[in-house]
Amino acid sequence: MSDRPPTSVLLPTTRWTDACAELAAQLGDSDELLIIHDDEDDPVIEQEDHPEGVRFVVAGEPEGCSGKANAIAAGMKAARHDRLVWTDDDYHHPPDWLATFNADYENHGPVSEVPYFVGQDPLSVLLEPLYASAGSLPLYLGNQIWGGAVVFERGDIDEAAFLGELRRTVSDDGLLMEYLQVTTVGRTRIVPIGGTVRESVERPVRWTQILRWHFPGSVAGTWLVSLLVLVGAILAPLPALVILTVLHFAVNEVLGVRRWTAVLAYPALFVFVPLVLYGLASRTFVWGDRRYRWRGKFDVTVVE
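Residues numbered from 1 in each chain as written. Predicted model: local features only at pLDDT ≥ 70, side-chain atom pairs only at ≥ 80, totals over all residues. Heavy atoms only, no water.

(A) Summary view of the overall build of the protein. Looking only at helices and strands, the protein has 10 helices and 10 strands in total. At 19 Å, the protein has a C-alpha radius of gyration in line with the 19 Å of a compact globule built from 304 residues. Projected onto its principal axes, the C-alpha coordinates of the protein cover approximately 60 × 40 × 35 Å. Expressed as a percentage of its 304 residues, the buried residues of the protein come to 51%. If you take every contact in the protein between residues at least 6 apart in sequence, the share linking residues at least 24 apart comes to 73%. Looking at the protein as shown, the accessible area adds up to about 13600 Å², and 56% of this sits on carbon and sulfur atoms. Taken together, the 24 basic and 41 acidic charged side chains of the protein have centroids lying 7 Å from each other. (Helix = DSSP H or I, 4+ residues; strand = E, 2+ residues; numbered from the N terminus. Rg over C-alpha atoms; globule rule 2.2 N^0.38 Å. Buried < 20%, exposed > 50% of the residue type's maximum accessible area, 1.4 Å probe, protein only. Contact = heavy atoms within 4.5 Å. Areas by Shrake-Rupley, 256 points an atom, 1.4 Å probe, with all protein chains shown as cover. Lys, Arg positive; Asp, Glu negative; His and termini not counted. Charge placed at Lys NZ, Arg CZ, Asp CG, Glu CD.)

(B) Focus on helix H2 (residues 67-78). Between its first and last C-alpha, H2 extends 16 Å over 12 residues, near the 16 Å set by a 1.5 Å rise per residue. Counted residue by residue, H2 has 10 buried out of 12 residues, so it is predominantly covered. Three or more residues of H2 are buried, namely Gly-67, Lys-68, Ala-69, Asn-70, Ala-71, Ile-72, Ala-73, Ala-74, Gly-75 and Met-76. (Expected span 1.5 Å × (residues − 1).)

(C) Expanded view of helix H4 (residues 122-142). Along its 21 residues, H4 runs 30 Å from first to last C-alpha, staying within 8% of the 30 Å computed at 1.5 Å per residue. Most pronounced at Tyr-131, the bend in H4 amounts to some 45°. You can read the cap of H4 off the contacts: a side-chain oxygen lies 3.1 Å from the backbone nitrogen of Leu-123, and it is on Asp-121. In the stretch just after H4, Asn-143 is the one whose phi turns positive, near 50°. (Bend = angle between axes of the 7 residues up to and from the residue. Polar contact = N/O pair within 3.5 Å; in protein donor to acceptor, adjacent residues only side chain to side chain.)

(D) Molecular detail of the nonpolar core. Counting residues in each nonpolar core, the largest one holds 51 residues, and the members touching the most others are Leu-33, Trp-97 and Leu-255. Considering each element in turn, this core owes the most residues, nine residues, to H4. When sequence neighbours within four positions are dropped, the list of residues in contact with Leu-33 reads Val-9, Leu-11, Cys-20, Leu-23, Ala-24, Leu-27, Gly-53, Val-54 and Arg-55. Counting 26 residues, the second largest nonpolar core, distinct from the first, contains Leu-34, Ala-74, Leu-84 and Leu-163. (Core = buried A, V, L, I, M, F, W, Y, C linked by side-chain atoms within 4.5 Å.)

(E) Up close: the sheet that holds strand E2 (residues 32-37). Reading across from one edge, E3-E2-E1-E4-E6-E5-E7 is the order of the seven strands in this open sheet, with mixed pairing throughout. Two strands bound the open sheet, and with one partner strand each, they are strand E3 (54-58) and strand E7 (183-193). Across the sheet, the mean angle from the axis of one strand to that of its neighbour is 25°, orientation sign disregarded. With five bridges connecting them, strand E1 (residues 7-12) and E2 associate as parallel partners. Across the sheet, the residue bridging to Leu-11 is Ile-35, located in E2. (Pairing = 2+ DSSP bridges. Axes fitted to C-alpha atoms, helices over the stretch in contact; angles between N-to-C directions.)

Geometric values such as these leave the question of function open.
Pasting the structure below:
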């Protein structure tokens, strides 16, 4: 039996997914999996056949923050252990995922993995290469946090201050980056995204807003670089096509992912840049089943 401390795994979801079963099967004797959902009407509570160690936590409706932030705050409050793992329900967790993650903490301290977003509709497929280069690669190279896979202990952060701010904002991992330094361990997880064009439009809006309020210098830099590259792509289309395609195949190699969608990097640029501008100008955005108005870092209204 391992001598590692017991772990509380926080999984916000309103339905029982494959990830729930995968994580439940990996729990040690003293570990717990907290399934954090909105209310008693969510279909996840209908799951009667679940292993010991699984607990259901009702977060309630968010007020002044996102549903995800509200769920994480409720999960951290309900968790029994000091070691915390945050994860999501939309990607595959192999059988050794939790054990490997805990071993990583023993070797490196707080650790995070990196997502690679794979589109499920035409627009999100088109944008895949730029999500990889503008999103996944900076996380990979910059030791930044992805809320879908991060492990830390309560003593690693100022928990009271963090939770107080978490209940007033949108981005759980954006805020955690201000409290915690992690090591990204070079493992990339394939995360399906999209499914409808509406989802694929709203996602970059949310990401742009996160950068706007948490990392304003980054969003300005991303917009400027993207605009300059777009101008170059218009003035010299053939060289730009070749360079962008080669660069994005190289990005995929760094991330350890083989995807043909790197060939879409050139046309994706003509969609990505306007979406970043739209994201900066948009007054509201949809995440999950809720629409939010984010006027300031700690000024969030749930519109519907």
